[in-house]
Every structure is written in C-alpha cells, then in structure tokens.
Amino acid sequence: MQDVNPSRLTGPPMRLRLGTTTLPMVGHVRMYVCGITPYDVTHLGHAATYIWADAAERVLRWHGHTVTVARNVTDVDDVLYAEARRRGESHTMLATLQRAAFEGTMATLQVRQPDLSPSAAQHIGHVVQLAAALLDRDAAYERNGTVYARTSHAYATTGLDRETALQRAAEFHDNPGDPDKDDPLDITVWQAATPDDEVSWPSPWGEGRPGWHAECAAMVLALFGASVDLHCGGADLAYPHHACEAALAEAATGVAPFARGWLRAGLVSVNGEKMAKSTGNLVLAEDLLREHSPGAIRLMCLNRPWAQPWEYSPAELDLAEATLEQLYAAAARLEAQPGAAAVPAALLDDLDVPRALAIALEDGGQAARTFIELLALS
Ligand code: ZN
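In this text, all values refer to a predicted model and were calculated from it rather than measured experimentally. (Residues numbered from 1 in each chain as written. Predicted model: local features only at pLDDT ≥ 70, side-chain atom pairs only at ≥ 80, totals over all residues. Heavy atoms only, no water.)

Along the protein chain, the regular secondary structure elements total 13 helices and 13 strands. A compact globule built from 378 residues would reach a C-alpha radius of gyration of about 21 Å, and the protein chain, at 21 Å, matches this within 12%. C-alpha extents for the protein chain along the principal axes are approximately 70 × 45 × 40 Å. Looking at the 378 residues of the protein chain, the share that counts as buried comes to 54%. Within the protein chain, counting contacts between residues at least 6 apart in sequence, those at least 24 apart form 75% of the total. Summing over all exposed atoms, the protein chain offers an accessible surface of approximately 15,900 Å²; the carbon and sulfur share of this is 52%. (Helix = DSSP H or I, 4+ residues; strand = E, 2+ residues; numbered from the N terminus. Rg over C-alpha atoms; globule rule 2.2 N^0.38 Å. Buried < 20%, exposed > 50% of the residue type's maximum accessible area, 1.4 Å probe, protein only. Contact = heavy atoms within 4.5 Å. Areas by Shrake-Rupley, 256 points an atom, 1.4 Å probe, with all protein chains shown as cover.)

Note on the zinc ion: its protein donors are Cys 34 (SG), Cys 216 (SG) and His 241 (NE2). The metal-donor distances range over 2.0 to 2.1 Å. Mapped onto the polypeptide sequence, the residues donating to the zinc ion form the spacing pattern C-x181-C-x24-H. Taken together, the residues Cys 34 in the loop between strand 3 (29-33) and helix 1 (44-62) and His 241 in helix 7 (residues 238-253) connect sequence positions 207 residues apart. Side by side, Cys 34 and His 241 carry an identical accessibility label, which is buried. (Donors = N, O, S within 2.8 Å, 3.2 Å for Na, K, Ca; no water.)

Attention now goes to the sheet that holds strand 5 (residues 140-143). The strand order across the open sheet formed by 4 strands is 5-6-7-8, and the pairing between neighbours is antiparallel. Two strands close off the open sheet at either side, each with one partner strand: strand 5 and strand 8 (208-210). If you compare each strand with its neighbour and ignore which way they point, the axes differ by 20 degrees on average. Relative to strand 8, strand 7 (residues 187-192) runs antiparallel, the two sharing 3 bridges. Each residue of the ladder has a partner; that of Ala 192, found in strand 8, is Gly 208. (Pairing = 2+ DSSP bridges. Axes fitted to C-alpha atoms, helices over the stretch in contact; angles between N-to-C directions.)

Moving on to the packing of aromatic side chains. Applying the stated criterion across every chain yields a total of 4 aromatic pairs. A centroid spacing of 6.1 Å and a plane angle of 20 degrees characterise the contact between Phe 172 and Trp 212, whose relative ring orientation is stacked. On the criterion of sequence distance, the pair formed by Phe 172 in the loop between helix 5 (162-171) and strand 7 and Trp 212 in helix 6 (residues 212-224) is long-range, its members being 40 residues apart. Residue class for Phe 172 comes out buried when judged on its relative accessible area of 15%. Sitting above the plane of the Tyr 50 ring, Arg 71 keeps its charged end 5.5 Å from the centroid. (Phe/Tyr/Trp six-rings, centres within 6.5 Å; stacked < 30°, edge-to-face > 60°. Lys NZ or Arg CZ within 6 Å of the ring centre and 35° of its normal.)

Have a look at this one:
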C-alpha cells in the first residue's frame, strides 16, 4: 500500500472553510468518501455527492496539496444480496457489474478516480480488530455472537432529538427493536450469521459479517490511521452512518475528532420528493448524459451552496448549459486582468462556486479559464 502520510509538512499552508469549520491544511490531505452499495444504477443524487467531493479535492490540489482520496465500495450489504436474489444473479457478479457501470459514469462526469478503492469484503479482518478493540475498551458488548457498540449518544453531535434518531436508525436498517441491545440506538459492529445468510466470515464470536458503520470506520482506520482531514458523503448519511462511524473510531482509538471536516452534499429531490429507488423517483446520471454535456451536469450540481438541498428540474440543466456557453465565451476573451487568483480563493471560502463563477464571468479571460479548468467543466 502506498504511504499515505509521508509528511504533514509538504505544500503551502492554507485554510479551507466549510460552513462553520475552518480547516487549516498543512501538506498531505487525507480524504475519505463514503461510496456506493453496488446494486443499482447511479442517480443524480449520488452523482452530485461525488462531484462535490471531486470539486473539494480539485480545489486542494490546485492550492498545491497532495491529496489521497479513498472511496469505498459497500459490497457486504443486505440490500445488495436481496437485489441479486431478485435478479437471480450472484451478488458478486451484480456488484462487479454495477461497480463498473458506476465507475464509467463517474469517469464521464470527470470525477477523478480515487487513489484507493477499499471494499468491505477486503477489510473483514479490520472490522474484527475494531470490534475487539471496542470490547476491550468496554465500548461494546457481545450477545449471541453479535457485537454491539454503545452508540446511544452519537446522535447528540448531529442536533437531532432522540425520537428522530430512532426513526433514522429504523430507516437505515439499524434495527432499534432488536431485544438483545442495551439501548435501541446501539449499533452492530459484527452481526452473527443466520441460517439465511449467504455470506459470512469467521470471528472470535462465531460466523458473521460486519455492520455498515463499522465497515467505513475500519477502512478509514486501516488506510489513514486514527483520523481523516475531510470526510465526504451525502447529507442523509449524517445520522446514523457518519455519527456512529465517528463514535466507533473515537472509542477505539481515543483520538478525536475522527474527521477534522465533513463535506455532506445537500440532497437532490425531484417533484418535491427525495430521490430514491424505493419511491421510483429517480433521475439517472446516464440518462442526463445522453443529452447534456458532463460540464453542464457538473455546473448544475456545483453552482449552489454545497450543503443546501435542491430540486432538480430539466430547466436547471438548460440553465447550466446556457451558463457554460457564457463561460466559454468569457474564457475566449483576452483580458490581461490579474483577477484569476480570485477564483481559487473564492473556492477556498466554503467552496463558494456561485461567487467564483460570478468573478469568472465578469473578469473573463484567465479568470474564466481557471474556473473551467479547476472545476473540470470543459
Ligand atoms: Zn461510509
């Protein structure tokens, strides 16, 4: 494995503001992006999340930083197994094909390939180590071959109340009704196998498999050590996934914060509803790519505050196409204005794409060319 942290003191010092957090960056930046469960096609909501993570990475690289990005693949997941059964395919085949399709779409959308693509199945041993560490610190307990972590307070960091946290836990299949739990908000680090399970691995607690939140925590710890500089994902992952992931890692290592900064892209809705397979309310990235340029799709996703939820409509995409044309025209102007530095500077300030775009359009020339190149809009 490559040395992801050869030095913390290479590259210029700078500050990246993300909402209320200002992150001083010195040198090598470690980024972890929660990836897909490869069971279905990529919708615009996924694409927007990965385009935002890509934009953050590009801004950091532009400012001279070495960035190592890990984006995982959740290939141990009940939803994946269920979909494979429905299709009558093996889950490994389904995961391989869907992953290839996803990566193709990301490449077309100019989302840079991650440096590391860990998958849950490759890190079973690390989840077992994490569970053992949590048990050792009395941050977890074992019942009937399942290891539960004491995460009942993790929601406190998210601003949710307990009632909402319980709803979210149920929504994300954390099974708050499990009678073996000390608290309904405790989560599974290691899940004992049942006779219905297609896949399981040996552990000190018997055959079983990792829990989702533990997978990401274990992969971050294995790849980057006790913390990361920037952790990305969709806004819906704030709780339980990210909060529990951080709680597990912090309890196991004693190092806090687990993530110095969080970039959770606002959710995309269509016709006033959340974009989800369960509601049939999906806009697929590959469908949009048939009629629109990758640059326009990127600009549509990025030309707004990153955390804000937004509503997709075809008019949004037409507007992005038109803005892109204006931008190309501005880039062709030959102004010798020195204003180009204002574009990357605006992006360091809360990834403010609308402001950087306004500068690019107004100044034209090098400012517009910098904007296009930095955000991969050509
Ligand atoms: Zn994750």
